Amino acid sequence: MFLIKFGGSVITDKTQPCVFKADVVDRLASEVQRAHKDVILIHGAGSFGHILAKQYRLHDGYKQKRQLKGAALTQAQVQQLNTLVLHALHAHHLPAVSLPAHVILSLRNHKPLRVDYSLFTRYLDMKFLPVSFGDVVLDTTLGFSICSGDLLMQLLAVKFKPEKVIFVLDEDGLYSANPKTDRSATFIQDTTVGELKQFTTRSNTHADVTKGMEGKLRTIAPIAKAGIDTILLNGNLHNRLYDTLQGKKVRQTVIHGEKV
Ligand code: IP8
């Protein structure tokens, strides 16, 4: 089984509220279909979630009554995005079913408290394609908070030990520096969490790269620890996902799992 995340910036235009990139998602759905693999799919919220979540400060939890409307609207918008993703998958005859994070889990101060993994198992056993996504969820300490798609990836990777964990991004993978502003930036093809940790503590590393990398490291470290390889690849380029699912080596960053 492969655990795949479609990043929010691949499937939506993050600069404008609720703009779905239908062509990209349609092509990614066809790449998943052609590969004929068992898959759990997670997707980010992109501009269907992050704009409202920021406006209503949902990440910090429930502090003011007006946030209730914000939380409800955000939940509805990410669900709308989920419906669009499901339609794309169905158009390619994939039996995608929705398992919203606010149904399958709750948090305690941002950390998982209850996760219903059995729903994934039951749908997978029947050869459905379970789809979950970054969402607003109940949090026993904070009232509500945000469950990111990355947290779902972490939890599901450790629980189900997929063959590979794949993050579909809007860039090829990780670089040593920001390739847009630094010509000395080199592409990182094969690495480990240990190597990346050293990298982020090097003083000459650009702050933006370090920050981006630290976020990814936090997500990927427990996955690597469970002995699973994580692949970062560019979803805007045709067949990068398909070839990877077929075991072909394309331009991508592989963060190798630790020996367990
Ligand atoms: O896009 C965030 O999920 P992500 C979820 O995977 C919300 O970080 C509701 C902003």
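This text follows the structure it describes.
Residues numbered from 1 in each chain as written. Predicted model: local features only at pLDDT ≥ 70, side-chain atom pairs only at ≥ 80, totals over all residues. Heavy atoms only, no water.

A.B. asks: Any details on the overall build of the chain? Residues and values, ideally.
C.D. replies: Regarding its fold elements, the chain presents 10 helices and 14 strands. Considered along the principal axes of its C-alpha atoms, the chain spans approximately 50 × 45 × 40 Å. When the 260 residues of the chain are sorted by exposure, 52% land in the buried category. Pairs at least 24 residues apart make up 74% of the contacts formed inside the chain by residues separated by at least 6 positions. About 12700 Å² of surface is accessible on the chain, with carbon and sulfur atoms providing 52% of the total. Side chains of the chain give 33 positive and 23 negative charges; the mean places of these two sets differ by 5 Å. (Helix = DSSP H or I, 4+ residues; strand = E, 2+ residues; numbered from the N terminus. Buried < 20%, exposed > 50% of the residue type's maximum accessible area, 1.4 Å probe, protein only. Contact = heavy atoms within 4.5 Å. Areas by Shrake-Rupley, 256 points an atom, 1.4 Å probe, with all protein chains shown as cover. Lys, Arg positive; Asp, Glu negative; His and termini not counted. Charge placed at Lys NZ, Arg CZ, Asp CG, Glu CD.)

A.B. asks: Residue-level account of the site of the ligand, with values.
C.D. replies: Near the ligand the following residues occur: Lys5, Gly44, Ala45, Gly49, His50, Ala53, Thr74, Gly134, Asp135, Ile146, Ser148 and Gly149. Note that an oxygen atom of the ligand is positioned 2.8 Å from one of the backbone N or O atoms of Ala45. In this structure, an oxygen atom belonging to the ligand sits 2.8 Å away from a side-chain N or O atom of His50. Burial of the ligand by the protein amounts to 91% of the accessible area it has alone, namely 320 Å². Looking at side-chain class alone, the shell around the ligand contains 3 nonpolar, 7 polar and 2 charged residues. (Near = heavy atom within 4 Å. Polar contact = N/O pair within 3.5 Å; in protein donor to acceptor, adjacent residues only side chain to side chain. Nonpolar A, V, L, I, M, F, W, Y, C, P; charged D, E, K, R; others polar.)

A.B. asks: Outline the pairing of strand 9 (residues 164-169), listing residues and values.
C.D. replies: Each regular strand displays side chains that alternate between the two surfaces of the sheet. For strand 9, a buried count of 5 out of 6 residues is recorded, marking the element as mostly surrounded by other parts of the structure. Here strand 1 (residues 2-6) pairs with strand 9 via 5 bridges, running parallel. By the bridge assignment, Phe2 is partnered in strand 9 with Lys164. Examined bridge by bridge, strand 9 and strand 13 (residues 230-234) share 5 bridges and lie parallel to one another. Bridged to Leu169 within strand 13 is Asn234. (Pairing = 2+ DSSP bridges.)

A.B. asks: Can you lay out the nonpolar core for me, pointing to particular residues and giving the numbers?
C.D. replies: In terms of nonpolar packing, the biggest core is built from 36 residues, with Leu3, Leu105, Cys147 and Val165 touching the most fellow members. For this core, the leading source of residues is helix 7 (residues 149-160), giving 6 residues. If sequence neighbours within four positions are ignored, Leu105 has contacts with Arg114, Val115, Val137, Cys147, Leu152 and Leu155. Core analysis: the second largest hydrophobic core is formed by 32 residues, Val24, Val39, Phe48 and Tyr242 among them. (Core = buried A, V, L, I, M, F, W, Y, C linked by side-chain atoms within 4.5 Å.)

A.B. asks: Give me the lowdown on unusual backbone geometry, citing residues and values where you can.
C.D. replies: The backbone of His93 sits at a positive phi, close to 65 degrees, despite the residue not being glycine. Despite not being glycine, Asn239 has its phi angle at roughly 70 degrees, a positive value. Its location among the elements puts Asn239 in the loop between strand 13 and helix 10 (240-245). The class of Asn239 is partly exposed, set by a relative accessible area of 27%.

A.B. asks: Help me get a handle on the side chain of Asn234, residues and values and all.
C.D. replies: Structurally, the position occupied by Asn234 is in strand 13. Here Asn236 takes part through its backbone nitrogen, which lies 2.9 Å from a polar atom of the side chain of Asn234.

A.B. asks: Explain the sheet that holds strand 6 (residues 129-133) residue by residue, including any values.
C.D. replies: Taken in spatial order, the 8 strands line up as 3-6-2-1-9-13-14-12 in an open sheet, and their pairing is mixed. Across the chains shown, the open sheet's two edge strands, defined by having one partner strand only, are strand 3 (96-98) and strand 12 (190-191). In the packing of helix 2 (residues 22-35) onto the sheet, the strands contacted are strand 1, strand 2 (39-43), strand 6 and strand 9, and the crossing angle to strand 1 comes to about 175 degrees. (Axes fitted to C-alpha atoms, helices over the stretch in contact; angles between N-to-C directions.)

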